[in-house]
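Residue-level structure breakdown
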Amino acid sequence: MRVFVAGATGAIGHPLVEQLVAAGHQVTGTSRTPQGIERVRAQGAEAVRLDIFDADAVVDAVVAAAPDVVIHQLTALSGGVSADNGRIRRVGTRHLVDAAKRAGVGRMIAQSISWVYQPGDGPADESTPLELAAAEPRGATVGSVHALEEAVAEIDRHVVLRYGFLYGPGTWYHRTGVAAEVLRGDTGNPAAAFMSGLVPNDAVASFVHVEDAARATIAALEWPTGTVNIVDDEPAPGREWVPAFAAAVGAPTPAPASGRADWERGATNALARSLGWAPVHASWRTGFLA
C-alpha cells in the first residue's frame, strides 16, 4: 500500500514509519526540517520537506505521492505551545484533507486525543460526546479537536484515533521528557506549563505507549470508518501513576493532593480490542519501567 505520513518524525510518526516500511508498505513521510528528512530517508521511506500551512505545497506533495491512504500525525507538542497545536488541528488538517480530495485519496487516518470527552464518573467510550461547551483554556483544545475530526470525516473512509497520553521515546512522559524534568524541578521548557496536573491526586488518566499507538495506526488501515480510543487497559488516578512514573525516571514524587476535574475520567479501549488491537504494554505499570 502507498502511505503518506504527515508528521513522520513525531513521537508516533517515527515508529510508525519504521513499522510501515517493515510491513512492506511504500511510504512517503513529511518533515519541516532537513534533519527530519534525513531521519525519514534513513528508515527506508521517501521524504518530503513540507510546511503544512502552505496549502499549495501540501496539495503538490500529496498529489506527487499518489497514496492509497493519508495518515495525519502532525502536532506541535515539542514546542509546548497549545495555540500552535490548535492551528495545526484546524488549518493543517484542512489543508491535508483538501489535498487528499484533490489527489483522489479515499482513505485517511488521523491522530486525535482521548481526554476531550464530556464529564463523567467512569472511563469514556466513543459514544460519549465531546465537551464542546468547556470553559477556556480547555475549550480551545476541545474545539480544535472537533474541527480536526469534522474535517477528516469528509473523507469517505476515515478512522480517527483518540490516543491516550503518550509515553515512551520522543514524548513528554519519558526519562528525558518534560514530565521527568518537571518532577526534578526544571521548569525551563515551555511545555512545563501543561504539567500542573503532575501530582498524585484523584484525576484519572489513560496512557498508551508510542509503539502501541503506532501499531494501532497500522491496524486502522483495515478498520471500518469511525472513531476509536487507543489507550491501555488501566485508566488510573494520579495517586497511583504519578509515583510509579517518578520512580521509573528516578525523580522525586510530589506531595499528594485530592480532587479532580470532572472531565478527568480516562477512556476505555473496548472498541479497539474488539477490532483486534491489543497493547503490548497493557498497563503503564509495566510500560513505564520498559
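Each value, and the rule that gives it
- Residues numbered from 1 in each chain as written.
- Predicted model: local features only at pLDDT ≥ 70, side-chain atom pairs only at ≥ 80, totals over all residues.
- Heavy atoms only, no water.
- Patch = residues over 30% accessible without salt bridge, like charges linked within 9 Å, V, L, I, M, F, W, Y side chains within 5 Å.
- Areas by Shrake-Rupley, 256 points an atom, 1.4 Å probe, with all protein chains shown as cover.
- Salt bridge = Lys/Arg side-chain N within 4 Å of Asp/Glu carboxyl O.
- Lys, Arg positive; Asp, Glu negative; His and termini not counted.
- Charge placed at Lys NZ, Arg CZ, Asp CG, Glu CD.
- Helix = DSSP H or I, 4+ residues; strand = E, 2+ residues; numbered from the N terminus.
- Buried < 20%, exposed > 50% of the residue type's maximum accessible area, 1.4 Å probe, protein only.
- Arc of directions from axis to C-beta.
- Expected span 1.5 Å × (residues − 1).

A word on a negative patch on the surface. Among the surface-exposed residues, Asp-51, Asp-54, Asp-56 and Asp-60 lie close enough to one another that they form a single negatively charged patch. Along the polypeptide, Asp-54 turns up in the loop between β3 (46-49) and α3 (55-65). On the accessibility criterion, Asp-54 (36% relative accessible area) is partly exposed.

The full count for this structure, using the stated rule, is 13 salt bridges. Here Glu-149 and Arg-162 are joined by a salt bridge, their closest N and O atoms 2.6 Å apart. Note that Glu-149 is positioned in helix α5 (residues 138-152) and Arg-162 in strand β6 (residues 157-163), a separation of 13 residues in sequence. According to the relative accessible area criterion, Arg-162 is buried, its value standing at 5%.

Further remarks concern helix α2 (residues 34-42). Of the residues making up α2, those classed as buried are Gly-36, Ile-37 and Val-40. All buried residues of α2 fall inside an arc of 105 degrees around its axis, so they share one side. Counted as exposed and oriented over 90 degrees from the buried face of α2: Gln-35 and Ala-42. Where α2 terminates, the next one or two residues include Gly-44, which has phi positive at roughly 90 degrees.

For helix α8 (residues 238-249), with twelve residues, the first-to-last C-alpha span of 16 Å sits near the 16 Å given by 1.5 Å per residue. Among all positions in α8, only Gly-238, Trp-241, Val-242, Phe-245, Ala-246, Ala-248 and Val-249 are buried. With its buried residues spanning 165 degrees around the axis, α8 presents them on a single face. The positive-phi residue at the C-terminal boundary of α8 is Gly-250, with phi of around 70 degrees.

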